[in-house]
Amino acid sequence: MKEQFSQLKHIFETKQSFVITTHVNPDADAIGSEVALASFLHNKGKQVKIVNQSETPDHLIFLTKIFPVETYSSHLDHHILKADCFIVIDTNSPKRFSAFADIVQKSKAYKVCIDHHLEHDQFADLYIIDTEVPAASELLYRILVYVDNTSITKPIADALYAGIMTDTGSFKFPKTDSETHTITADLLARGVNPYEIYQEIFENGAINKLHLLGKALESIEMHDNGKISAMVLPRSVFSETNSSEADVDNFTNYVLSIKGVIVGLVFVELSDGVKVSFRSKGDISVNTLAKQFNGGGHKNAAGARIKGLLLREAVNLVIEKTKLMLR
Ligand code: 5GP
Ligand code: MN
């Protein structure tokens, strides 16, 4: 890994203009690591733009005060094509920023992928991937410390903390280790106020999201003698509660909260298909399950988008495949 770090340091020193992106429906790890990296490079006198496929969800807008985030539209193509270096963070697949993946493919920029997911696609010149870290932000912290330990300012520390806190499920998911806590301690020493970040992310919601959660909890079905739970959200629940897909943020915690459940599923009907979130306990790998539907992720948390099936068809099919896997 040290060799890749050194290579990236060289890229930071020799390239002048950077475009940074992440996956669709970005979470706090995605936006947090983008703004931390952008701010770091900007402070080094670099030209930086963050361009994302999706808009930033409301509860993460505070992070864009650290560094602005733009939503992709084709008028940005010339800018993307001009950049010396393109950095993808918190995903390892162009399918996850498909709206402008072809423009990136066309560009002659040096391409870097910084990520913590399994099984990367071939698209970058440099991969810095550690699938053992709980958050891309934790990996980025290590990179920034390596490149210039003195450059992690308070806003950069805030952004990294937001990513680590959320991607570890507030320091409880299996990959959280002593290293995570050591890094977090250092971020606090640099001025991060944990309650401030917690408030921004978790105490700033709209009532509509709770109404959506109510309907979502009622929808939970049990399958395979209680080993599988499934939350099923048709589009109608969003209009009924005046909420959106982006509000389905960490509902996955609830499907796993049930005693005896080893695989929890969340289905969201999209305008053009069905989004499935897979979660598991212990040694069960849902990454392999998600891959059967062209998705991916981690061992205990993965996702996929299924096209061409109605919601109920997708639910039945995924539950069938899950049962087969558990057999
Ligand atoms: P979530 O269910 O929270 O959207 O995602 C869980 C994990 O699976 C995340 O690490 C995410 O990157 C990955 N993931 C979610 N959706 C997809 C998808 O459509 N394709 C791939 N390859 N990974 C996904
Ligand atoms: Mn992440």
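Residues numbered from 1 in each chain as written. Chains lettered and ligands numbered in written order. Predicted model: local features only at pLDDT ≥ 70, side-chain atom pairs only at ≥ 80, totals over all residues. Heavy atoms only, no water.

**Some remarks on the overall build of the protein**
Logical step 1: A count of helical and extended segments in the protein gives 13 helices and twelve strands.
Logical step 2: Expected size for 327 residues packed as a compact globule is a radius of gyration near 20 Å; at 20 Å, the protein falls within 12% of this value.
Logical step 3: With respect to the principal axes defined by its C-alpha atoms, the protein has extents near 55 × 45 × 40 Å.
Logical step 4: Taken across its 327 residues, the protein has 52% of its residues classed as buried. (Helix = DSSP H or I, 4+ residues; strand = E, 2+ residues; numbered from the N terminus. Rg over C-alpha atoms; globule rule 2.2 N^0.38 Å. Buried < 20%, exposed > 50% of the residue type's maximum accessible area, 1.4 Å probe, protein only.)

**Observations regarding helix H6 (residues 154–167)**
Logical step 1: Counted at 1.5 Å a residue, the expected span for H6 with its 14 residues is 20 Å, and the 20 Å between its end C-alpha atoms agrees.
Logical step 2: Extensive coverage of H6 is indicated by the burial of eleven of its 14 residues.
Logical step 3: Burial in H6 covers these residues: Ile-156, Ala-157, Asp-158, Ala-159, Leu-160, Tyr-161, Ala-162, Gly-163, Ile-164, Met-165 and Asp-167.
Logical step 4: On its buried face, H6 is in contact with helix H2 (28–43), helix H5 (136–148), helix H7 (178–189) and helix H8 (194–202). (Expected span 1.5 Å × (residues − 1). Contact = heavy atoms within 4.5 Å.)

**Regarding the sheet that holds strand S4 (residues 85–89)**
Logical step 1: The six strands are arranged S3-S2-S1-S4-S5-S6 in an open sheet whose pairing can be described as parallel. At either margin of the open sheet sits one strand with a lone partner, and together these are strand S3 (70–71) and strand S6 (126–129).
Logical step 2: Summarising the sheet, strand S1 (residues 17–21) and strand S2 (residues 47–52) pair through four bridges and their orientation is parallel. From the neighbouring strand, Ser-17 faces S2, where its bridge partner is Gln-47. (Pairing = 2+ DSSP bridges.)

**Considerations on the sheet that holds strand S12 (residues 301–306)**
Logical step 1: Ordered in space as S7-S8-S9-S10-S12-S11, the six strands form an open sheet in which the pairing is mixed. Taken across any chain shown, the strands that pair with only one partner, and hence form the sheet edges, are strand S7 (221–223) and strand S11 (296–297).
Logical step 2: Here strand S9 (residues 263–270) runs beside strand S10 (residues 273–280); their pairing, made up of eight bridges, is antiparallel. Counted as the bridge partner of Leu-265 is Phe-278 from S10.
Logical step 3: Its contacts with the sheet put helix H13 (residues 311–326) on S7, strand S8 (228–233), S9, S10 and S12, and the angle it makes with S9 is roughly 160°. (Axes fitted to C-alpha atoms, helices over the stretch in contact; angles between N-to-C directions.)

**Topic: the coordination of the manganese ion (ligand 2)**
Logical step 1: Donor atoms from the polypeptide that coordinate the manganese ion (ligand 2) comprise Asp-29 (OD), Asp-90 (OD), His-116 (NE2) and Asp-167 (OD), at 2.1 to 2.3 Å from the metal.
Logical step 2: Each donor residue of the manganese ion (ligand 2) belongs to the same chain, and together they define the spacing D-x60-D-x25-H-x50-D. With Asp-29 in helix H2 and His-116 in the loop between strand S5 (110–115) and S6, the pair connects residues that are 87 residues apart, well separated along the chain.
Logical step 3: Look at His-116 and you get buried, because its relative accessible area is 1%. (Donors = N, O, S within 2.8 Å, 3.2 Å for Na, K, Ca; no water.)

**So, the domain arrangement of the protein**
Logical step 1: For the protein, the assigned domains read domain 1 (2–202) and domain 2 (208–326).
Logical step 2: For domain 1 versus domain 2, the separation of C-alpha centres amounts to 27 Å.
Logical step 3: Counting residues at the interface gives 13 residues for domain 1 and eleven residues for domain 2.
Logical step 4: Both faces considered, domain 1 and domain 2 share a buried interface measuring about 880 Å² in area, 42% of it formed by carbon and sulfur atoms.
Logical step 5: Summed over the three residues of domain 1 that lose the most area to domain 2, namely His-117, Leu-118 and Glu-119, the buried surface amounts to 38% of that side. (Domains from an automatic or database assignment. Buried area = accessible area lost by both parts, 1.4 Å probe.)

**So, the nonpolar core**
Logical step 1: One finds Phe-12 and Ile-87 to be the most contacted residues of the largest nonpolar core, which totals 52 residues.
Logical step 2: If near-sequence neighbours (up to four positions away) are discounted, Ile-87 is found in contact with Phe-12, Phe-18, Val-19, Ile-20, Thr-21, Leu-37, Leu-41, Val-112 and Ile-114.
Logical step 3: Core analysis: the second largest hydrophobic core is formed by 22 residues, Val-232, Phe-278, Val-315 and Ile-319 among them. (Core = buried A, V, L, I, M, F, W, Y, C linked by side-chain atoms within 4.5 Å.)

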